[in-house]
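Architecture at a glance
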Amino acid sequence: AYASATAIIQDMVPAPLRGRTTALWYLVTAIGNGAGPLATAAGTQFVFHDPASLPYAILLMGVPSVVLSLTLSIIAIPSYDRARQAAAQLNENRA
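Residues numbered from 1 in each chain as written. Predicted model: local features only at pLDDT ≥ 70, side-chain atom pairs only at ≥ 80, totals over all residues. Heavy atoms only, no water.

Moving on to the packing of aromatic side chains. Under the counting rule described, the total for this entry stands at 1 aromatic pair. Between the aromatic rings of Phe48 and Tyr56, the centroid separation amounts to 6.3 Å while the plane-to-plane angle is 45 degrees, which identifies the pairing as tilted. For Phe48, a relative accessible area of 32% gives the class partly exposed. (Phe/Tyr/Trp six-rings, centres within 6.5 Å; stacked < 30°, edge-to-face > 60°. Buried < 20%, exposed > 50% of the residue type's maximum accessible area, 1.4 Å probe, protein only.)

Encoded structure:
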């Protein structure tokens, strides 16, 4: 996911904004990487009340995250395609 997101950022964002956009992407990724294990631990401690139920807490956090990211990706594909076509057409007109 990291490589494709970075490639999309480089492809879709204008050159003057690429550094800021990439930095924002890595900031959001770092927050998510910190919040994921914290949410899993909170699920283990506060929802299941048993350290032995860690696999269920991982499922509780992982499955909705995967479903949400897959759904948002599917929703975003048409917009991404339109933006790529518009960028390609703009580049053709400049050439």
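For helix H2 (residues 18-48), spanning 31 residues, the distance from its first C-alpha to its last is 43 Å, which sits close to the expected 45 Å at 1.5 Å a residue. The set of residues buried in H2 consists of Thr22, Thr29, Thr40, Gly43 and Thr44. Taken from the residues just after H2, His49 is the one with a positive phi, measuring 55 degrees. (Helix = DSSP H or I, 4+ residues; strand = E, 2+ residues; numbered from the N terminus. Expected span 1.5 Å × (residues − 1).)

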